[in-house]
Amino acid sequence: MSLTVIGTLAFDTVETPFDRRDEALGGSATYFAAAASGFGEVGMVGVVGTDFPDENLALLRDLGVDCGGVEVADGKTFRWGGRYEADWNTRHTTFTDLNVFEQFDPKIPTGYVGSPFVFLANAEPRLQMRALEQFDTPKLVVADTMNLWIDIARDDLQELLRRVDGVVLNDEEARMLSGEKHLLAAARKVLDLGPRFVVLKKGEHGAFLIGEDVHFSLPAYPVESVIDPTGAGDSFAGGFMGYLASVSNIQPHTLRRAMLYGTVTASFCVEGFSVDELRKRRRPDVESRFNELLSFITL
Ligand code: AMP
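None of the values given here were measured: they were computed from a predicted structure.

So what exactly am I meant to see when it comes to helix α1 (residues 28-36) here?
Residues spaced three or four apart along an α-helix face the same direction, because each turn holds 3.6 residues. Among the nine residues in α1, nine count as buried, and that is most of the element. For α1, the complete set of buried residues consists of S28, A29, T30, Y31, F32, A33, A34, A35 and A36.

Structural data, given as structure tokens:
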């Protein structure tokens, strides 16, 4: 397996200023894998309950995602609810029911342990670490996190950050983790904690990549009609890492291109609920929007 993601498979209930969707297929691993699947093989590690319909796994398999690391546990699937304000940028989490995810102890299948590219989606840092320890010697490990873990599991998170190559954070998380108000200073402080690069996601304002030998800033693709921003961050990470895994290269120039691919897959994600649009847009659509985005940023 060239790329593996460890994260949630979920039922999401989302309210936007214009519409709502109840119990739609979601989860960090779902969005990541759907976005990465256009680039090559991707394996998923996660857990679902007995209420998770086979059609959902079939949908992911149809995209080429390997679900060999998804276990079915007795109980209910992880559920999450979110509500967006009219500005689309403010999101309130209405509920988080961990359900079977609470007892989840990730087991990396034998066929995945040699995976050169690994994405540790948002989860308790100790769970992310237990997953990471089972891999042989990945070429690139990237982790995501959230405010809650920065707040209640900072030591574990810092230990994890010493072991990963990259971290994806939104601006608020970067400020919280570093204690710095200015984003560039915040990113530099995060680099001091261990990772070789930080991807700062700034929602509709784009994304910023900073590392020892790379600085790159990119606007978001200007989507005409946002339907649901849920999963944009994980879809960004899926496009970013899916591309890197497909070329098996992590040079600064390739990381910059990967930022464009991440921006493109995130833009598809927000054009629909759940993975509706990510499913429809395959590699030729990705390439076409990549070229369009490139034309926007070139003189
Ligand atoms: P994003 O919009 O990129 O932050 O991702 C939202 C997705 O993450 C949703 O599909 C949720 O099911 C999932 N999610 C929300 N909260 C958590 C959590 N605490 N741990 C893991 N996954 C979560």
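Where do I start with the sheet that holds strand β7 (residues 91-97) in this structure?
Through backbone hydrogen bonds, the strands of a sheet pair up, either in parallel or in antiparallel fashion. Ordered by their spatial adjacency, four strands build an open sheet running β3-β2-β6-β7, and the pairing between neighbours is mixed. Every interior strand has two partners, whereas the edge strands, β3 (20-26) and β7, have only one. The mean inter-strand angle of the sheet, taken between neighbouring strand axes irrespective of direction, is 20°. Pairing analysis gives five bridges linking strand β2 (residues 10-15) to β3, with the strands arranged antiparallel. Directly across from F11, in β3, lies its bridge partner L25. Taken strand by strand, α1 contacts β2 and β3, and its axis lies near 70° from that of β3.

Teacher, can you tell me more about the nonpolar core here?
The tendency in soluble globular proteins is for nonpolar side chains to be buried as a group. Membership of the largest hydrophobic core comes to 62 residues, with the highest contact counts inside it found for V5, F32, M44, F119, F240, M241 and M259. It is helix α9 (residues 252-270) that provides the largest number of residues to this core, a total of 10 residues. If near-sequence neighbours (up to four positions away) are discounted, F119 is found in contact with T4, V5, I6, F32, V142, A143, D144, V168, D234, A237 and M241. Listed in part, the 44 residues of the second largest apolar core include A143, V164, A186 and V190.

Would you take a moment to explain the site of the ligand for this structure?
The immediate surroundings of the ligand are formed by 17 residues, with D12, G27, R91, G231 and D234 found nearest. Protein chains bury 87% of the 510 Å² of accessible surface belonging to the ligand in isolation. Counting residues per element, the ones that place at least two in the shell around the ligand are β2, α1, β6 (78-84) and α8 (232-247). Of all the elements, α8 adds the most residues to the shell around the ligand, at three residues.

Basis of the calculations
- Residues numbered from 1 in each chain as written.
- Predicted model: local features only at pLDDT ≥ 70, side-chain atom pairs only at ≥ 80, totals over all residues.
- Heavy atoms only, no water.
- Buried < 20%, exposed > 50% of the residue type's maximum accessible area, 1.4 Å probe, protein only.
- Helix = DSSP H or I, 4+ residues; strand = E, 2+ residues; numbered from the N terminus.
- Pairing = 2+ DSSP bridges.
- Axes fitted to C-alpha atoms, helices over the stretch in contact; angles between N-to-C directions.
- Contact = heavy atoms within 4.5 Å.
- Core = buried A, V, L, I, M, F, W, Y, C linked by side-chain atoms within 4.5 Å.
- Near = heavy atom within 4 Å.
- Areas by Shrake-Rupley, 256 points an atom, 1.4 Å probe, with all protein chains shown as cover.

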